[in-house]
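The chain contents come next:
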Amino acid sequence: GPTSSDGPWTTCTPCLAEVASAAMNPRANLTGLGGWRPEDSARTHTGYRRLPEMFDFYVRPEMYDEYPFRRFGHVPGYFGFPWGGMEHQTITSLGGFDEYLIAHELAHMWWGDMITCNDFHHIWLNEGFARYCEVLWLEAFYGPSYGRAWLDRLWNESWIGPLRDPEFLFGSTVYNKGAWVLWQLRQVMGRESLHTAMRNYVMDPRLRFGPVFVEDF
C-alpha cells in the first residue's frame with residue numbers, strides 16, 4: 001500500500017474477505033474495542049521472542065519452503081475476541097501473547113490464508129492444520145515430548161462423528177480433533193511421509209490462493 005494514509009491500498013495476492021483487516025492508530029480512538037496496555041509489555045516480549053525462530057522453522061525446505069506473502073505483522077490488543085486471535089492476511093490480530101497462539105496464527109498464513117477451505121464444513125483444513133503446527137513447533141524447539149504433551153492436553157474422549165461440531169462450528173472439535181487426525185495419520189504414514197504430503201498439498205500451484213476440499217489433501 002502507499003506510505004501515507006492518502007490514496008488507494010492494494011494487495012498483490014488474492015485475499016478472502018474474511019481475512020482482510022484494517023488496523024488504525026492511535027488506538028485511543030477505538031473506545032471499547034481494546035488497545036495496548038503498558039502492563040502487557042513483559043508478556044508480549046515473552047510471547048514474541050520466538051517469532052523469528054518460528055519463521056525460520058516454517059520456511060525450512062522440509063516444511064513449507066517459502067513464506068507466501070511479502071510481509072507479516074501483528075495487531076496486539078485484540079482483547080475480548082473469544083478465540084484469542086484472527087489470521088488476518090499478513091497482519092494477525094491477537095488478543096493474547098502465548099507462544100502457542102503466535103505459532104498457530106503464523107501457521108495460518110499457509111493454512112487458511114494461502115489456501116482455505118471451500119466452505120466451513122471443511123474448516124478443520126484451516127484450524128486443525130494450524131493447531132497441528134503448534135505441535136510441530138513445540139517438538140522442534142522444546143523436544144518431542146512437549147508436542148505429545150500438548151496433544152494430550154487437547155484430547156477429548158467425547159469426539160464422535162465428523163470433524164466438526166454441527167451445533168458449534170468453531171468449537172474445539174475442528175481445532176483439536178483436526179490436529180489429532182493429523183497425528184494419527186502420522187502414526188500410520190510416518191512423520192516424514194505425512195509432512196511431505198502436507199508440503200505437496202499446501203505448495204501445489206493448482207491450489208495456491210484458492211479454495212480446497214478434504215479430497216485435495
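Here is what the cut-offs are and how they apply
- Residues numbered from 1 in each chain as written.
- Predicted model: local features only at pLDDT ≥ 70, side-chain atom pairs only at ≥ 80, totals over all residues.
- Heavy atoms only, no water.
- Helix = DSSP H or I, 4+ residues; strand = E, 2+ residues; numbered from the N terminus.
- Contact = heavy atoms within 4.5 Å.
- Areas by Shrake-Rupley, 256 points an atom, 1.4 Å probe, with all protein chains shown as cover.
- Core = buried A, V, L, I, M, F, W, Y, C linked by side-chain atoms within 4.5 Å.
- Buried < 20%, exposed > 50% of the residue type's maximum accessible area, 1.4 Å probe, protein only.
- pLDDT = per-residue confidence, 0-100.
- Salt bridge = Lys/Arg side-chain N within 4 Å of Asp/Glu carboxyl O.
- Phe/Tyr/Trp six-rings, centres within 6.5 Å; stacked < 30°, edge-to-face > 60°.
- Pairing = 2+ DSSP bridges.
- Axes fitted to C-alpha atoms, helices over the stretch in contact; angles between N-to-C directions.
- Parallel < 35°, antiparallel > 145°, perpendicular 65-115°, else oblique.
- Nonpolar A, V, L, I, M, F, W, Y, C, P; charged D, E, K, R; others polar.

1. A word on the overall build of the protein
Broken down by element type, the protein carries seven helices and five strands. Each helix (α) and strand (β) of the protein, taken in turn from the N terminus, gives the series α-α-β-β-β-α-β-α-α-α-α-β. Taking the intrachain contacts of the protein between residues at least 6 apart in sequence as the baseline, contacts between residues at least 24 apart amount to 61%. Of the roughly 11,600 Å² of accessible surface on the protein, 55% is carried by carbon and sulfur atoms.

2. A few points about the nonpolar core
Among the nonpolar cores identified, the biggest contains 48 residues, and Tyr 58, Tyr 64, Trp 110 and Trp 111 are the most heavily contacted of them. For this core, the elements supplying multiple residues, two or more each, are helix H2 (51-58), helix H3 (99-107), strand S4 (115-117), helix H4 (124-142), helix H5 (144-154), helix H6 (172-189) and helix H7 (191-202). At ten residues, the largest contribution of residues to this core is made by H4.

3. Thoughts on the confidence of the model for the protein
Looking at the protein as a whole, the pLDDT averages 78, with 71% of positions reaching at least 70. Helix H1 (residues 41-48) is the least confidently modelled element of the protein, averaging 62 in pLDDT, while H4 averages 93, the highest of any element. Between residues 27-36, whose pLDDT stays under 50, and residues either more than four places distant or in other chains, the model counts 13 contacts.

4. Brief notes about the pattern of salt bridges
Should their charged atoms come close, side chains of opposite charge can pair. Per the counting criterion, the structure on display carries eight salt bridges. Here the residues in one salt-bridge network are Glu 139, Arg 186, Arg 191 and Glu 192, joined through shared partners.

5. Structural notes on the packing of aromatic side chains
Under the counting rule described, the total for this entry stands at 21 aromatic pairs. For the pair Phe 69 and Phe 209, a centre-to-centre distance of 5.8 Å together with 70 degrees between the ring planes defines the contact as edge-to-face. Residue Phe 69 is located in the loop between H2 and strand S1 (73-75), and its partner Phe 209 is located in the loop between H7 and strand S5 (210-212); the two are separated by 140 residues in the primary sequence. Judged by its relative accessible area of 9%, Phe 69 falls in the buried class.

6. Describing the pairing of strand S3 (residues 91-94)
As paired elements, S1 and S3 share three bridges and run parallel to each other. Within the sheet, the bridge partner assigned to Val 75 lies in S3 and is Ser 93. Of the pairings in the sheet, the one linking strand S2 (residues 85-86) to S3 comprises two bridges and is antiparallel in character. Its bridge partner lying in S3, Gly 85 is registered against Leu 94. Hairpin geometry of S2 and S3 is characterised by an intervening segment of four residues between the two adjacent antiparallel strands and by a positive phi of about 70 degrees at Thr 90.

7. A few points about the sheet that holds S2
Taken in spatial order, the three strands line up as S1-S3-S2 in an open sheet, and their pairing is mixed. Every interior strand has two partners, whereas the edge strands, S1 and S2, have only one. H3 contacts S1, S2 and S3 of the sheet and is inclined by roughly 145 degrees relative to S3.

8. Some words on the packing of H6 against H7
For the pair H6 and H7, the least separation of the axes is 6 Å and the interaxial angle reads 125 degrees. Our classification of the angle between H6 and H7 gives oblique. Within the contact between the two elements, H6 uses Leu 182, Leu 185, Arg 186 and Met 189 and H7 uses Arg 191, Ser 193, Leu 194, His 195 and Ala 197. Of the residues in the contact of H6 with H7, the class split is five nonpolar, two polar and two charged.

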